[in-house]
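# Residue-level structural notes
Residue-level listing of the chains:
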2 protein chains.
Amino acid sequence: MSTDADVIVVGAGMAGLSAAERLVAEGKSVLVVEARNRFGGRVLNEVLDSSDPTQVIEMGGQWLGPTQDRARALAQRLGLTLYPTYAEGDKLLERHDGRLLRYRGEIPPINPLVLADVGQAQARLDRMARRVPLDAPWSSVRARQRDAMTFATWLSRNVCTRDARSLLRVALKAVWACEPHEVSLLHVLFYIHSGGGFDRLVGTSGGAQQDRVVGGTHLLAAGLARELGDRVLLGRPVRGIGSDDGGVTVRAGDHQLRAHRVIVSLHPALAGRIDYTPPLPADRDQLTQRMPMGSVIKCMAIYDEPFWRRDGLSGQALSLVGPVSVVFDNSPPRGSPGVLLGFLEGREARRLSAVSAAARRDLVVGTFARLFGARAARPQRYVDKDWLADEFTRGCYTAVMPPGTWTEFGPALRTPVGRIHWAGTETATIWNGYIDGAIRSGEDAAADVLRADAR
Amino acid sequence: MSTDADVIVVGAGMAGLSAAERLVAEGKSVLVVEARNRFGGRVLNEVLDSSDPTQVIEMGGQWLGPTQDRARALAQRLGLTLYPTYAEGDKLLERHDGRLLRYRGEIPPINPLVLADVGQAQARLDRMARRVPLDAPWSSVRARQRDAMTFATWLSRNVCTRDARSLLRVALKAVWACEPHEVSLLHVLFYIHSGGGFDRLVGTSGGAQQDRVVGGTHLLAAGLARELGDRVLLGRPVRGIGSDDGGVTVRAGDHQLRAHRVIVSLHPALAGRIDYTPPLPADRDQLTQRMPMGSVIKCMAIYDEPFWRRDGLSGQALSLVGPVSVVFDNSPPRGSPGVLLGFLEGREARRLSAVSAAARRDLVVGTFARLFGARAARPQRYVDKDWLADEFTRGCYTAVMPPGTWTEFGPALRTPVGRIHWAGTETATIWNGYIDGAIRSGEDAAADVLRADAR
């Protein structure tokens, strides 16, 4: 039977594009079939000034950190320039009671007992995390016990002070975009290990938020898409995948495409919505029912300049009042305009996904004004991206495993089903949930396909 | 624009058929669109002897209990006869160490401390459950706290003895078909209240397993389907639902059907796989990512006669060894052939969904033989139904809410989205998860549609 390509890749996000690029480099014919009229998936630029390619902000994944080697290698290969996330000056912490604390360095000037409490919790998490095998979290020491409790339960048992629990909740939400009770302890440990440690996940300098790409991370996707050229087919949501002895048939709208193998690079919840013939095996299908996506709305207010810098502020802030809990200076490399970036995560994202755009803007800008003064109340422009409402993503940053998913269904996450292979940052062992993990997952899936073909 | 019906109902299970019946009774034109080439959903008969309509066994939902008033009313209206689940004689309990205990009545002859431990846990669960509002579990006392922990965490905190935890795990698995760590305490409490108490859920006489239908529960579906006649369209999996100001368009294969409103009676995980235009709101979509179905395989061994009855055994047994943990005498009303029914639930269902049919049969029949002697090792026939692998159900008995689903997403469970209404036993307030709940949910959705039309 004739085929349209050796391999069809479903989804033109970083995972799908990376898989395709690897396969093409190995001489395979490839088609990438993408639902949207754009590529990039959870990586998305917003142009501030079309006359200057560096004047962009990112509405999706935007940072590269140390040890994110595959993302950094790709940036280098594409000739992209990195620059550090703005971190000069003081940070702010807004306490529950509304009091603003201003400080320098990593450690806020709060009760040393609270700091010690956070520190011991973090050390304990790191110690447990290091013993979780990244390719098989279900086989780790006490896996069942740790997958049987929510992170909230662990917090309530192991963190003594309310303020420390609040700070750890903010950290959890910043990393996973969910509430502590939605995710299992084992998944938190896996994820910490996958990213190289708690500090690595939450940190700016030295951490996952360290560096930015001049022109935006979307250039990573654009570079790959350019290389793939007309192999990337946009605007074709894949609704069905059929497998038979001879190959696979991918149904996208009225189009049917044939190939020897298919790599599905959607996250599992979306991948589960495709109509498979024959139906997926039980464990894989039930897995897709158990990997909900986090909830995040990424919000930015744009000012003529980053006025907070002149006040000696870095633009970085934590708020225990909310609804925005984590804030960054997200100005483009030229340093103008000034951009404040705030995240709505977990419960706040859900609540503010349902209100009017104006109400959401007011609440976000209101947080900025409490932190940075009246001038922050009057941005030139406000933009946000509600990833929950995005039809072809349906949640960010990544899947959050409720208790039982890893230990009951873990092996089904990466195991191919016949000619169907799985990619996406949710399947990565290293930097799971990040751009780097997406690239690795695509490369891994491509390697699997090549190995399978060689047999 | 012309329509094919006032209302389209997606799914011809008990919920969908009940909704359609109500609407037709109120003068609405209705079409029920069903994926399978049969109606009944999770209700399914297996014929033992086609010459005798009472000689059937049920591969899906099969029992009616006290207070399941809507199911009982339907049975009565259709002229069906109920008979009690066989419960005469002794019960068996297989302990962890393999020792068989034989007893009469409800209380096994085990360590009184263990019995007291189970009793206090059950009393505590019942007391908490009564305070969960069935239409809004998220608004109950300590809802967040109780939705922040798994039932496993509650068990480890509130049940002192290992044996009591084992017994409660068996009970949980028998009711929810999941492991104690997959479900939130709040959901367990909601469900207990919804069914009228812990004993009601797990009991035979006086409980949810009390009565059977002569000819099988599928006659409930068949009666409704007969009344609906050619309004039920089989073999048409619904893949898309479009809504506009004028109505809804339901896409099933190559067919497009128009109506004023649609009732989707699939469970939320399956309902989430339909392609909606415009896309569902964020909270509803994310809810469908967070309502995984339980895991159960229903297994029956058929013997020429129920030989255990002559030994004074009821056929009812609990095994702490497994893989079958709960056993019933499921012989048809005539008392011949003899049928032993065993459930594989949670982890055991997942494990044995992946093995060969022969291996599964051997393990199930092996449990029966340990309990009922060598004769049980040689059934005339063995049948089972793996509901995990069933393409159009993908898990049973019902959805199990992981921590956070009720409190973060609960209101999206029943709230219509424009012209799209939701039914299915997962949406029921009374007897959620049961046939009775399915019927109630269908009737409730029909009433919603009528109210909406009247406005």
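An unreviewed UniProt entry lists chain A under the name Monoamine oxidase, from Mycobacterium botniense. The record in UniProt for chain A states the following under Sequence similarities (unreviewed entry): "Belongs to the flavin monoamine oxidase family." In the Cofactor (unreviewed entry) part of its UniProt record, chain A is described as follows: "FAD".

### Notes on the UniProt feature "domain: Amine oxidase" (unreviewed entry) in chain A
UniProt's feature table lists "domain: Amine oxidase" (unreviewed entry) at residues 14-450 of chain A, given in the numbering used throughout. Here residues 14-450 of chain A is 35% helix and 20% strand, with 19 Å between the C-alpha atoms at its ends.

### Here's the deal with the state of the cysteines
Residue and element names in this part refer to chain B. Per the stated rule, a full pass over the model turns up 0 disulfides over all chains. In this structure C178 is not part of a disulfide, and its nearest cysteine sulfur, from C396, lies 13 Å away. For C178, a relative accessible area of 0% puts it in the buried group.

### A look at the UniProt feature "binding site: substrate" (unreviewed entry) in chain A
Residue and element names in this part refer to chain A. Summarizing the sequence annotation, UniProt attributes the feature "binding site: substrate" (unreviewed entry) to F343 in the numbering used throughout. If you trace the backbone, F343 turns up in strand β17 (residues 338-345). Since its relative accessible area comes to 6%, F343 is described here as buried. What F343 contacts, discounting residues up to four positions off in sequence, is W63, V296, I297, K298, P323, V324, S325, V326, F328 and Y397.

### Topic: the interface of chain A and chain B
Many authors give the size of an interface as the accessible area that is lost as the parts come together. If you look at the interface, chain A gives 46 residues, while chain B gives 46 residues. Summed over both sides, the interface between chain A and chain B buries roughly 3600 Å², with carbon and sulfur atoms accounting for 41% of that surface. If you sort the residues of chain A by the area they bury against chain B, R273, Q289 and R394 of chain A come out on top, with a joint share of 19%. For the pair chain A and chain B, the number of links is 12 salt bridges. A salt bridge links R394 of chain A to D285 of chain B, with the nearest nitrogen and oxygen atoms 3.0 Å apart. The interface formed by chain A and chain B holds 34 residue pairs in polar contact (both at pLDDT 80 or more) in total. Looking at the side of chain A that touches chain B, the elements with two or more residues in it are α4 (143-147), α5 (151-158), β13 (275-277), α11 (282-288), α13 (347-353) and α15 (405-409) of chain A. Looking at the side of chain A that touches chain B, its residues break down into 17 nonpolar, 14 polar and 15 charged.

### Remarks on the sheet that holds strand β14 (residues 296-303) of chain B
Residue and element names in this part refer to chain B. Taken in spatial order, the 7 strands of this open sheet run β7-β6-β15-β16-β17-β14-β18, and their pairing is mixed. One side of each edge strand has no neighbouring strand; the edge strands of this open sheet are β7 (100-103) and β18 (381-386). Averaged over neighbouring strand pairs, the angle between their axes works out to 20° when direction is ignored. Of the pairings in the sheet, the one linking strand β6 (residues 90-94) to β7 comprises 4 bridges and is antiparallel in character. Along β7, the bridge assignment pairs L93 with L101. Packing of helix α6 (residues 162-176) onto the sheet brings it into contact with β6, β15 (313-319), β16 (326-329) and β17 (338-345), and relative to β15 it is tilted by some 110°.

### Regarding the side chain of T288 of chain B
For T288 of chain B, the position within the fold is in helix α11 (residues 282-288). The exposure class of T288 of chain B is buried, given its relative accessible area of 6%. In contact with T288 of chain B, not counting residues within four places along its chain, are R273 of chain A together with P268, A269 and G272 of chain B.

### Quick look at the relation of the copies chain A and chain B
Least-squares fitting of chain A to chain B yields an RMSD of 0.0 Å, with the transformation described by 0.0 Å of translation along the axis and a rotation of 180°. On this basis, the relationship between the two copies can be described by a two-fold rotation axis. Proximity to the rotation axis, assessed at the C-alpha, singles out R273 of chain A in chain A; its C-alpha lies 2.2 Å from the axis.

Conventions and cut-offs
Residues numbered from 1 in each chain as written. Chains lettered and ligands numbered in written order. Predicted model: local features only at pLDDT ≥ 70, side-chain atom pairs only at ≥ 80, totals over all residues. Heavy atoms only, no water. UniProt positions renumbered as here; feature names shortened; annotations may be inferred. Helix = DSSP H or I, 4+ residues; strand = E, 2+ residues; numbered from the N terminus. Disulfide = S-S within 2.5 Å. Buried < 20%, exposed > 50% of the residue type's maximum accessible area, 1.4 Å probe, protein only. Contact = heavy atoms within 4.5 Å. Buried area = accessible area lost by both parts, 1.4 Å probe. Salt bridge = Lys/Arg side-chain N within 4 Å of Asp/Glu carboxyl O. Polar contact = N/O pair within 3.5 Å; in protein donor to acceptor, adjacent residues only side chain to side chain. Nonpolar A, V, L, I, M, F, W, Y, C, P; charged D, E, K, R; others polar. Pairing = 2+ DSSP bridges. Axes fitted to C-alpha atoms, helices over the stretch in contact; angles between N-to-C directions. Least-squares fit on C-alpha atoms with pLDDT ≥ 70 in both.

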